[in-house]
Structures are given as structure tokens and as C-alpha cells.
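# Descriptive analysis of the structure
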Amino acid sequence: MPNAAQRSIARADNRHQWWDGTRQLAYEWLSRPGSCTIAPDKSVAVREERTGNTYIFRRR
């Protein structure tokens, strides 16, 4: 993981990852294929690096 001051987005096809160094949170989601946007399609996984807990937020 990057250091605490860095924030970044990594992208591979329609899979996106965001690192929030200030809060020590790693976000990962899939965007809708062919949409040309980084908005999440159905769910976002959030991993809290300090505790190792992972939370999944789903769209209704």
C-alpha cells in the first residue's frame, strides 16, 4: 500500500481501486462494462487496513 499521504486510483479494464491514505481505507469496485465511467455498477468493497475488516456496500 502507498504511504499515508498518498491517494490514488488504479484501473484495470472495469475494475477500479482507490486508496485513501489519510483514513487507511482501500476501496475496490467494478464499473459497468462499456460505460466509459468509473462509477460503481452494483457494489463497493471497503477494506480498513488498520483492523483488516472488509465491508461491502451494495446498491438496492
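Residues numbered from 1 in each chain as written. Predicted model: local features only at pLDDT ≥ 70, side-chain atom pairs only at ≥ 80, totals over all residues. Heavy atoms only, no water.

Further remarks concern the overall build of the protein. Broken down by element type, the protein carries zero helices and five strands. Listing the helices and strands of the protein from first to last along the sequence gives β-β-β-β-β. Only carbon and sulfur atoms are counted for the fraction: they give 50% of the accessible area of the protein, which is about 4700 Å². (Helix = DSSP H or I, 4+ residues; strand = E, 2+ residues; numbered from the N terminus. Areas by Shrake-Rupley, 256 points an atom, 1.4 Å probe, with all protein chains shown as cover.)

This part covers the pairing of strand β2 (residues 15-20). As paired elements, β2 and strand β3 (residues 25-31) share six bridges and run antiparallel to each other. Counted as the bridge partner of Arg-15 is Leu-30 from β3. Hairpin connection between β2 and β3: a loop of four residues separates the two successive antiparallel strands, and Gln-24 in this loop has a positive phi of roughly 60°. (Pairing = 2+ DSSP bridges.)

Checked against the element boundaries, Leu-25 lands in strand β3. Leu-25 sits 25 residues away from Arg-50 along the chain, and the two C-alpha atoms are 8.4 Å apart.

All right, on to the pattern of salt bridges then. Enumeration according to the criterion identifies four salt bridges in this entry. With its nearest N and O atoms 3.1 Å apart, the salt bridge here joins Arg-32 to Asp-41. Among the residues examined, Asp-41 registers a relative accessible area of 19% and is labelled buried. The partner of Arg-47 in a salt bridge is Glu-49, with the nearest N and O atoms 3.4 Å apart. Since its relative accessible area comes to 27%, Glu-49 is described here as partly exposed. (Salt bridge = Lys/Arg side-chain N within 4 Å of Asp/Glu carboxyl O. Buried < 20%, exposed > 50% of the residue type's maximum accessible area, 1.4 Å probe, protein only.)

Here we take up the environment of Gln-24. Inspection of the secondary structure puts Gln-24 in the loop between β2 and β3. For the pair Gln-24 and Arg-47, spaced 23 residues apart in the sequence, the C-alpha separation amounts to 8.5 Å.

A word on the confidence of the model for the protein. Overall, the prediction assigns the protein a mean pLDDT of 83, with 80% of residues at 70 or greater. At the level of individual helices and strands, the protein shows its lowest average pLDDT in strand β1 (residues 7-12), which scores 63, and its highest in strand β5 (residues 54-58), which scores 96. (pLDDT = per-residue confidence, 0-100.)

Attention now goes to the pairing of β3. Judged from the six bridges that link them, β3 and strand β4 (residues 40-48) form a sheet pairing that is antiparallel. Residue pairing across strands places Trp-29 opposite Val-44, the latter belonging to β4.

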